[in-house]
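Overview (structure and organization)
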Amino acid sequence: MPHELDAVAAAILRKNDRDGFTIPAARHYPFQWNWDSAFTALGWATLDAERAWRELESLADGQADDGMLPHIIFRHDDADYFPGPRVWRAQAGGHPVSGISQPPVLASVVRALAEAQGAPGLARAAELFPKILDWHRWWRRARMVDGCPVVCTVHPWETGRDNSPDWHPGLAAMTVDPQLQPYRRKDTEHSAPAERPSGAEYDKYLSIVKFGREHGWRQEVLARDGPFLMADPGVFFILLRAERDLLWLARRLGRGGPAAEIETRITAAERGADYLWNADARAYCARDVRSGRFAPGFSSASALCFYAGVGGAQQRRATLQHLRRIAQKVRFGQPSWDPDAAHFDRRRYWCGPVWCQMNYLIAAGLRERGEQGDAGATAMAEKLRGDLRRLVERTGFYECFDPLSGDGCLSADFSWTAALWLAWASPSARKTPAAAAA
Ligand code: GLC
C-alpha cells in the first residue's frame with residue numbers, strides 16, 4: 001500500500017527534474033550536484049528505471065579528462081548562485097564544472113540498481129563501469145599523498161559536509177588569501193545566516209578555490225601545495241564501500257583485470273584505516289594530514305565504518321556506544337555533529353542537523369553488521385529509519401532537520417530527501433533496491 005507522502009515525494013522529483021538530471025532544490029541549488037544525483041537516482045528507480053539510469057549517465061557526462069567526476073556540473077549560468085562557473089573556471093566533458101569532486105557513492109548506487117534489475121540493469125551498469133573505474137583511479141592518483149595511507153580531500157566542499165567542525169584543524173592551519181576579492185554570498189540571502197557557514201569560513205573556502213583556479217585545477221598541485229589537506233572518514237569510508245561494489249560489478253561483468261586492480265586498492269585501504277582512528281575520542285575522526293591533528297568529535301561520518309566494513313571488535317563497539325550516547329541526547333536521527341562536543345549547533349548546516357542521506361548510509365552499514373549477528377546494530381538501523389520517517393511525516397521533505405525539535409532546516413522540497421523517502425524511509429519502500437541495502 002503506498003503511503004500518502006509517496007506521491008508528494010514523486011512530485012518533488014518531477015518538479016526538480018531538468019530533463020535528464022535533477023537539481024537538489026529550486027533557487028538555492030540550480031545545477032547538478034554529484035552525490036545528490038546518485039541518491040536521487042535511487043528515488044527515480046522506484047518510479048521509472050530508465051529515468052534513474054539517465055540521472056547517473058548525465059552525471060558521468062561531466063567526467064574530466066583525468067577521470068574526476070566534478071562536484072557540480074553547471075549546465076547554464078544562474079546569477080542567483082554563488083560561487084558559479086565564472087568563479088570556478090573549470091571545464092569537463094564540454095561543461096563548466098567545479099574543480100573538485102564529491103563523495104563517490106555512484107558505484108554503490110549503480111550496483112543497487114543492477115542487482116535489482118537483473119540483466120538489463122547489468123547492461124546499463126556495463127556502460128558506466130569504465131567511467132567509474134577511471135574516477136576511482138583518480139581518487140588514488142589525485143588525492144593520495146606521501147606519508148598518508150588514506151585518501152585525502154583538498155576542500156571541505158569536496159566532502160559534501162561543507163562546514164562540519166571536522167574541518168576546523170585544516171582551516172585553522174591556513175590563512176585567507178590577502179588578494180581575495182570582495183564577493184557577495186547568495187546562500188545567506190536564500191536562507192537564515194544562522195543556518196549557514198560563517199563569513200570567516202567562507203573566506204577560506206574561496207581562498208582554496210582561488211588557489212585551484214590560479215593553478216589551472218592541476219589536481220596534484222592542489223593536493224601537494226594547496227592551502228587545505230585533510231583525510232575525511234566520510235570520503236574514505238564511502239570510497240572503500242564503492243570499491244567493494246565496483247568489485248562486485250567487475251566480477252559480474254567478467255572484467256578480471258580491473259577486478260584484481262580494485263582488490264589491491266581495497267586491501268591497501270583496509271590497511272590504512274587505522275590512520276583515522278582517534279584513540280582519545282575512541283572514534284574514527286577527520287585528520288589534518290600536515291599536522292596530524294584530529295578533529296575534535298564524533299561526526300555522522302565517523303559512524304560509516306560499518307558501511308565500509310572496517311574496524312575490529314573494539315572499534316565497532318566504541319562506535320555503537322557513541323551512537324547510543326548521542327541517541328539519548330536528541331529526539332531524531334543521527335545528527336551531523338556530536339551534541340556533547342564543542343561547536344554543536346542544532347540548526348547550522350553540518351554542525352548538528354540530521355541529514356537524510358548520511359542516516360541512510362549509516363543505517364545501511366548497521367543493517368549489514370546486524371546480519372552478521374549484532375542485534376544492537378540492527379536495532380540502531382531500524383531506529384534511524386523510523387526517525388527519518390517521523391521527521392518527514394512531521395515536517396516535510398527538508399534539506400536537513402533540527403535533531404531536537406524535528407523542524408526542517410534550509411531548503412524545502414529537497415530531492416534527496418524525497419528520493420530516499422521513496423527508496424528507504426517510506427513504509428512502502430521495503431521492496432526497493434535501496435531498502436534492501438539499508
Ligand atoms: C550542500 C551540501 C552538499 C550537497 C549540496 C547540494 O553544499 O553540503 O552535501 O551536495 O549542498 O545539495
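1. Let's talk about the packing of aromatic side chains
Counting across every chain of the model gives 28 aromatic pairs. When the centroid spacing of 5.9 Å and the interplanar angle of 90 degrees are considered together, the rings of Phe39 and Trp416 count as edge-to-face. Of this pair, Phe39 sits in helix 2 (residues 34-47) while Trp416 sits in helix 17 (residues 415-425); the two residues are 377 residues apart in sequence, bridging distant segments of the chain. Ring centres 5.5 Å apart and planes at 50 degrees place the aromatic pair Phe236 and Phe237 in the tilted group. Like Phe236, the residue Phe237 is buried in the burial classification. If you follow Arg185 out to its NZ or CZ, it ends over the ring of Tyr202, 3.9 Å from the centre. In this structure, Arg287 is placed above the aromatic ring of Tyr275, and the distance from its NZ or CZ to the ring centre is 4.5 Å.

2. Details of the pattern of salt bridges
Under the criterion given, the structure shown has 39 salt bridges. For the salt bridge of Glu195 with Arg347, the shortest nitrogen-to-oxygen distance reads 2.7 Å. In this pair, Glu195 is assigned in the loop between helix 8 (187-190) and helix 9 (199-214) and Arg347 in the loop between helix 14 (313-329) and helix 15 (356-371), connecting sequence segments 152 residues apart. Among the residues examined, Arg347 registers a relative accessible area of 25% and is labelled partly exposed. The partner of Asp402 in a salt bridge is Arg347, and the shortest N-O contact between them spans 3.9 Å. Here Asp402 is found in the loop between strand 9 (400-401) and strand 10 (408-409), whereas its partner Arg347 is found in the loop between helix 14 and helix 15, with 55 residues between them in sequence. According to the relative accessible area criterion, Asp402 is buried, its value standing at 2%. By sharing partners, the salt bridges in this structure join Arg111, Glu115, Arg241, Asp245 and Glu368 into a single network.

3. A few points about the site of the ligand
Residues in close proximity to the ligand include Pro24, Tyr29, Trp33, Trp35, Asp36, Gln102, Gly160, Asp162, Tyr349, Trp350, Phe414 and Trp416, which together make up its full environment. Measuring from an oxygen atom of the ligand, one finds a backbone N or O atom of Gly160 at 2.6 Å. Cavity membership is defined here by more than half of the atoms lying within 2 Å of grid points; on that basis the ligand lies in the largest cavity. Across the shell around the ligand, the residue classes tally to 8 nonpolar, 2 polar and 2 charged.

4. Describing helix 16 (residues 375-395)
The terminal C-alpha atoms of helix 16, which comprises 21 residues, lie 30 Å apart, in line with the 30 Å expected from a rise of 1.5 Å per residue. Within the sequence span of helix 16, burial applies to Ala377, Met380, Ala381, Leu384, Arg385, Asp387, Leu388, Leu391 and Val392. Burial along helix 16 is one-sided: seen end-on, the buried residues are contained in an arc of 155 degrees. Here the buried face of helix 16 lies against helix 1 (4-16), helix 14, helix 15, strand 9 and helix 17. A distance of 3.1 Å separates the backbone nitrogen of Gly376 from a side-chain oxygen at the start of helix 16, and that oxygen is part of Asp374. Of the residues one or two after helix 16, Gly396 is the one with positive phi, at around 115 degrees.

5. Observations regarding the packing of helix 2 against helix 17
Helix packing geometry: the angle between the two helix axes and the distance between the axes. Where helix 2 meets helix 17, the axes come as close as 8 Å, and the angle between the chain directions of the two elements is 40 degrees. Here helix 2 is positioned oblique relative to helix 17, judged by the angle of their axes. Classified by chirality, the crossing of helix 17 by helix 2 is left-handed. In this structure, helix 2 uses Trp35, Asp36, Phe39, Thr40, Leu42, Gly43, Thr46 and Leu47 to contact helix 17, whose residues at the interface are Ser415, Trp416, Ala419, Leu420, Leu422 and Ala423. Along the lines of polarity and charge, the residues of the contact of helix 2 with helix 17 split into 9 nonpolar, 4 polar and 1 charged.

6. Some words on empty space enclosed by the protein
For the structure shown, the criterion picks out 1 cavity of 30 Å³ or more. Of the volumes computed, that of the largest cavity is approximately 320 Å³. Lining the largest cavity are 29 residues, and of these Tyr29, Trp33, Tyr81, Asp162 and Tyr349 sit closest to its centre. Elements with a minimum of two residues in the lining of the largest cavity: helix 2 and helix 8. Residue classes in the lining of the largest cavity are distributed as 17 nonpolar, 5 polar and 7 charged.

Criteria and thresholds
Residues numbered from 1 in each chain as written. Predicted model: local features only at pLDDT ≥ 70, side-chain atom pairs only at ≥ 80, totals over all residues. Heavy atoms only, no water. Phe/Tyr/Trp six-rings, centres within 6.5 Å; stacked < 30°, edge-to-face > 60°. Helix = DSSP H or I, 4+ residues; strand = E, 2+ residues; numbered from the N terminus. Buried < 20%, exposed > 50% of the residue type's maximum accessible area, 1.4 Å probe, protein only. Lys NZ or Arg CZ within 6 Å of the ring centre and 35° of its normal. Salt bridge = Lys/Arg side-chain N within 4 Å of Asp/Glu carboxyl O. Near = heavy atom within 4 Å. Polar contact = N/O pair within 3.5 Å; in protein donor to acceptor, adjacent residues only side chain to side chain. 1 Å grid on protein atoms, 1.4 Å probe; cavity = no way out; pocket = protein on both sides within 12 Å on 5 of 7 lines; lining within 4 Å. Sits in = over half its atoms within 2 Å of the grid points. Nonpolar A, V, L, I, M, F, W, Y, C, P; charged D, E, K, R; others polar. Expected span 1.5 Å × (residues − 1). Arc of directions from axis to C-beta. Contact = heavy atoms within 4.5 Å. Axes fitted to C-alpha atoms, helices over the stretch in contact; angles between N-to-C directions. Parallel < 35°, antiparallel > 145°, perpendicular 65-115°, else oblique. Left-handed = near helix turned anticlockwise from the far one by under 90°. Points joined across faces, edges and corners; volume = space filled by probe spheres on them.

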